[in-house]
Amino acid sequence: MTSTSSQTAFAFAPPAGIGALPQLPGMGVDASWCRCHAVVRQCQSTVSRVTADTDDTVQECRSVLVRAGLLDWQGAAAECFRAELAGIDALLGALEMSSREMLRMSLIQGAR
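Residues numbered from 1 in each chain as written. Predicted model: local features only at pLDDT ≥ 70, side-chain atom pairs only at ≥ 80, totals over all residues. Heavy atoms only, no water.

**Remarks on the overall build of the chain**
Consideration 1: Along the backbone of the chain there are two helices and two strands.
Consideration 2: The buried share of the chain, taken over its 112 residues, is 14%.
Consideration 3: By sequence separation, contacts in the chain at least 24 residues apart represent 56% of the contacts at least 6 residues apart.
Consideration 4: Accessible area of the chain: about 8,500 Å², with a carbon and sulfur share of 63%. (Helix = DSSP H or I, 4+ residues; strand = E, 2+ residues; numbered from the N terminus. Buried < 20%, exposed > 50% of the residue type's maximum accessible area, 1.4 Å probe, protein only. Contact = heavy atoms within 4.5 Å. Areas by Shrake-Rupley, 256 points an atom, 1.4 Å probe, with all protein chains shown as cover.)

**Brief notes about the pattern of salt bridges**
Pairing between side chains of opposite charge can happen when their charged atoms approach one another.
Consideration 1: Inspection of the entire model under this criterion finds four salt bridges.
Consideration 2: We note a salt bridge from Arg62 to Glu96, for which the minimum N-O separation is 2.9 Å. Here Glu96 lies in helix α2 (residues 76-111) and Arg62 lies in helix α1 (residues 36-69), a separation of 34 residues in the sequence.
Consideration 3: In this structure Arg62 comes out as partly exposed when scored by relative accessible area, which is 21%.
Consideration 4: Within this structure, Arg62, Asp89, Glu96 and Arg100 form a network of salt bridges that share partners. (Salt bridge = Lys/Arg side-chain N within 4 Å of Asp/Glu carboxyl O.)

**Here we look at the environment of Thr54**
Consideration 1: Among the secondary structure elements, Thr54 is positioned in helix α1.
Consideration 2: Through-space distance from the C-alpha of Thr54 to that of Ser99 is 7.1 Å; in sequence the pair is 45 residues apart.
Consideration 3: Setting aside anything within four residues of it in sequence, one finds Thr54 in contact with Leu95 and Ser99.

**Examining the confidence of the model for the chain**
Consideration 1: Of all residues in the chain, 65% have pLDDT values of 70 or greater, and the mean over the chain is 77.
Consideration 2: The spread of mean pLDDT over the elements of the chain runs between strand β1 (residues 2-3), the lowest at 42, and α2, the highest at 90.
Consideration 3: The low-confidence segment residues 1-15 (pLDDT under 50) makes 12 contacts with residues lying over four places distant or belonging to another chain. (pLDDT = per-residue confidence, 0-100.)

**Description of the side chain of Glu96**
Consideration 1: In this structure Glu96 comes out as buried when scored by relative accessible area, which is 10%.
Consideration 2: Polar side-chain contacts of Glu96 include one of 3.2 Å to the side chain of Gln59.
Consideration 3: Not counting the four nearest positions on each side in its chain, Glu96 is found in contact with Asp55, Val58, Gln59 and Arg62. (Polar contact = N/O pair within 3.5 Å; in protein donor to acceptor, adjacent residues only side chain to side chain.)

**What to know about the environment of Thr57**
Consideration 1: Considering the arrangement of structural elements, one finds Thr57 in helix α1.
Consideration 2: Of the residues examined, Thr57 reaches a relative accessible area of 43% and is grouped as partly exposed.
Consideration 3: Linking Thr57 and Leu92, residues 35 residues apart in sequence, is a C-alpha distance of 9.4 Å.

Right, here's the structure in full:
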């Protein structure tokens, strides 16, 4: 480890045959060597398409849940059934949020 007056820099030895290792962002080095950004840009249209398909599927499932909830049914079994429907709706909400977060991350990374 090498110390300077304003920051600490770490010296890493690259494995044999690899060549010099790039330093990480925030350590005063360009991170353009990372192929992740290029891969994200290439996959962004796929992520957008899958996200849109997921949103469509979630909406179709919610439509089915609404219709199922309208069944004229009374009693303990009906209450259990409606609780299951609410649980499924919560799972759909989590899937929807996850899908939107994935899209958001791909858009942010693709813009870099």
